[in-house]
Amino acid sequence: MGMRQQAISRAFCVLQATGLCRLLAPVTRGCGAVFMLHHVRPAVPGRFQPNRHLEVTPEFLRVAVERIRANGYRIIAMDEAVDLLKTGYGQQRYAVLTFDDGYRDNLEAAYPVLKELSAPFTVYVATGLIDRTSELWWLALERIIAENDSVAFLKDDIDGGVACRTLEEKEACFEKLTAFLTQDVGEREQRAIVRALCEKYGIDLATLADEQMMTWNELRTLAADPLVTIGAHTHNHVAMARLDADAARAEVLKGMERLEAELGRRPKHFAYPYGKAYAVGPRDAGILREIGIASSVTTLPGVLHSSNARDLTMLPRVSLNGRFQDPALIDQYLSGVPFALYDLARWAANGFGVRSGFSRFFPSTR
């Protein structure tokens, strides 16, 4: 376990030992929560798993649903959650289960569990990944680093590139290249670099998508169940804030149009890819309001409060992080306390001009 994961574990242990969540929950827990997941599949061996936070096991998914309900929450569809949020606090709290991207294991592993438990859920689909025309760059990068002792990602890397022989070097390499691809270059250049890397190191992006993503026929099977809501997630899984307004709008519309053409139904709900502050902003929320989207979720951490009804295009979510598959954490998440502390620390950090260590509690998602 890395230093960041150790810090997170210690923080959750402190909350559990002090009973702070139980004490503050009446103030902080809000009216509901939108849970975020990606993959659901059996755990795999291996020490280098930089995308492990995106995976939970079917067993943990089942326990999570049971724990959410044991806390007195009703699991409902996104349509109903939006309606309830607009009306303010009701007699019963509610939770929404959401899955990003459109992975095949959502159908093969998550769906049987949720069907058995009669738990509605939403899948936000990046249609370019279903079309096999976009890039699962974070998974491709993981495989390139896993299979090589160094990675040269710029043409002028004459010194052999970034070393990745040991586990520590591989983890550092992944973090460095991810930061470079999401912060130092634009979205189009990012994809060009990824395609060049895959060609150089023998990763077939279409084959990777075939392995990981649903087909349109599989998605149609899933969408046919009334328990399932299909939402939009752009076409090419792009960070909207890193595009100009016209390109960002085109990405949203193309994803919606592809879903309508293939499934016969225009999506009403949307999830911002990446969903962090660098990837989405007020301009992007305005684009979605103009298009007529009923709700949009971010990856900004938090539970739902009645105040969220003022802007249904920037809803927070609770990440079910694959590195912390502990049922007791569900109770802490639903209390709202970790997110209240995060907001307090962020406010204090901004006030004093320092970076908040609490940001480590909520690792980035894709």
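Residues numbered from 1 in each chain as written. Predicted model: local features only at pLDDT ≥ 70, side-chain atom pairs only at ≥ 80, totals over all residues. Heavy atoms only, no water.

## Thoughts on the confidence of the model for the chain
Mean pLDDT for the chain: 90, with 89% of residues reaching 70 or above. Segment residues 352-364: pLDDT under 50, and 26 contacts once partners within four positions in sequence are set aside and those in other chains are kept. (pLDDT = per-residue confidence, 0-100. Contact = heavy atoms within 4.5 Å.)

## What about the packing of aromatic side chains?
If you walk through the whole model with that rule in mind, you get six aromatic pairs. Look at Phe 270 and Tyr 272: their rings are 5.4 Å apart centre to centre, the planes differ by 80°, and that puts the pair in the edge-to-face class. Here Tyr 272 falls in the buried class, since its relative accessible area comes to 1%. Aromatic rings pair up to connect Phe 99, Tyr 111 and Phe 121 into one cluster. (Phe/Tyr/Trp six-rings, centres within 6.5 Å; stacked < 30°, edge-to-face > 60°. Buried < 20%, exposed > 50% of the residue type's maximum accessible area, 1.4 Å probe, protein only.)

## Points about the nonpolar core
Formed by 98 residues in total, the largest nonpolar core has its most connected members in Phe 35, Leu 97 and Phe 99. When residues in this core are grouped by element, the largest group, seven residues, is from helix 7 (residues 137-147). With residues up to four places along the chain from it excluded, the contact list for Phe 99 reads Leu 37, His 38, Val 40, Leu 61, Asn 106, Ala 110, Leu 114, Phe 121, Thr 122, Val 123 and Tyr 124. Residues Val 34, Ala 81, Val 82 and Ala 271 belong to the second largest nonpolar core, which totals 15 residues. (Core = buried A, V, L, I, M, F, W, Y, C linked by side-chain atoms within 4.5 Å. Helix = DSSP H or I, 4+ residues; strand = E, 2+ residues; numbered from the N terminus.)

## Some remarks on helix 10 (residues 205-212)
By the burial criterion, the buried members of helix 10 are Leu 205, Leu 208, Ala 209 and Gln 212. Buried residues of helix 10, viewed axially, fall in a sector of 100°; they line one side. Considering only its buried residues, helix 10 is in contact with strand 2 (39-40), helix 5 (104-116), helix 6 (127-131), helix 7 and helix 9 (187-201). Between the side-chain oxygen of the N-cap and the backbone nitrogen of Ala 206 there are 3.0 Å, and the N-cap of helix 10 in question is Asp 204. (Arc of directions from axis to C-beta. Polar contact = N/O pair within 3.5 Å; in protein donor to acceptor, adjacent residues only side chain to side chain.)

## Some points on the pairing of strand 1 (residues 32-37)
Taken residue by residue, a regular strand's side chains alternate between the two faces of the sheet. Of all the six residues making up strand 1, six are buried; the element is thus mostly covered by neighbouring parts of the structure. Here strand 1 shows two buried faces, one formed by Gly 32, Val 34 and Met 36 and the other by Ala 33, Phe 35 and Leu 37. Where strand 1 lies against strand 5 (residues 93-101), six bridges are found, and the strand directions are parallel. Paired with Leu 37 across the bridge in strand 5 is Phe 99. (Pairing = 2+ DSSP bridges.)

## Quick look at the pairing of strand 5
Along strand 5, eight of the nine residues are buried, which leaves the element largely enclosed by surrounding structure. Judged from the three bridges that link them, strand 4 (residues 73-75) and strand 5 form a sheet pairing that is parallel. Residue pairing across strands places Tyr 73 opposite Arg 93, the latter belonging to strand 5. Relative to strand 6 (residues 121-125), strand 5 runs parallel, the two being bridged by four bridges. Looking at the pairing, Phe 99 lines up with Val 123 of strand 6. Handedness of the crossover is the feature at issue here: the chain leaves strand 5, passes through helix 5, returns alongside strand 6, and the resulting connection is right-handed. (Right-handed = clockwise from strand over helix to strand, strands pointing away.)

## A few points about the side chain of Thr 57
Looking at the element boundaries, Thr 57 is found in the loop between strand 3 (55-56) and helix 3 (58-70). Residue classification places Thr 57 among the buried residues on the basis of a relative accessible area of 14%. Setting aside its immediate chain neighbours within four residues, Thr 57 contacts Val 40, Arg 41, Ala 43 and Gln 325.

## So, empty space enclosed by the protein
Enumeration according to the criterion identifies two cavities of 30 Å³ or more in this entry. Its boundaries defined by the atoms lining it, the second largest cavity holds a volume of some 50 Å³. Among the residues making up the lining of the second largest cavity, the classes are represented as five nonpolar, five polar and one charged. (1 Å grid on protein atoms, 1.4 Å probe; cavity = no way out; pocket = protein on both sides within 12 Å on 5 of 7 lines; lining within 4 Å. Points joined across faces, edges and corners; volume = space filled by probe spheres on them. Nonpolar A, V, L, I, M, F, W, Y, C, P; charged D, E, K, R; others polar.)

## With respect to the pattern of salt bridges
Once their charged atoms are close, side chains differing in charge can pair, the charge on each being opposite to the other. According to the stated counting rule, one finds 24 salt bridges in the structure shown. Salt-bridge contacts for Lys 115 lead to Asp 225; the nearest nitrogen and oxygen are separated by 2.8 Å. Linking Lys 115 in helix 5 with Asp 225 in the loop between helix 11 (216-223) and strand 9 (228-232), this pair joins segments that are 110 residues apart in sequence. Its relative accessible area of 6% is what places Asp 225 among the buried residues. For the salt bridge of Glu 187 with Arg 242, the shortest nitrogen-to-oxygen distance reads 2.7 Å. With Glu 187 in helix 9 and Arg 242 in the loop between strand 9 and helix 12 (245-263), the pair connects residues that are 55 residues apart, well separated along the chain. By relative accessible area, which is 4% here, Glu 187 ends up buried. Put simply, Glu 135, Glu 187, Arg 191, Arg 195 and Arg 242 are held in one network by salt bridges that share partners. (Salt bridge = Lys/Arg side-chain N within 4 Å of Asp/Glu carboxyl O.)

## Let's talk about unusual backbone geometry
Despite not being glycine, Ser 118 shows a phi value in the positive range, around 55°. You can see Ser 118 is positioned in the loop between helix 5 and strand 6. Not every positive phi belongs to a glycine, and Thr 234 is a case in point at roughly 65°. Turning to its location among the elements, Thr 234 is positioned in the loop between strand 9 and helix 12. Note on Thr 234: relative accessible area 0%, which makes it buried.

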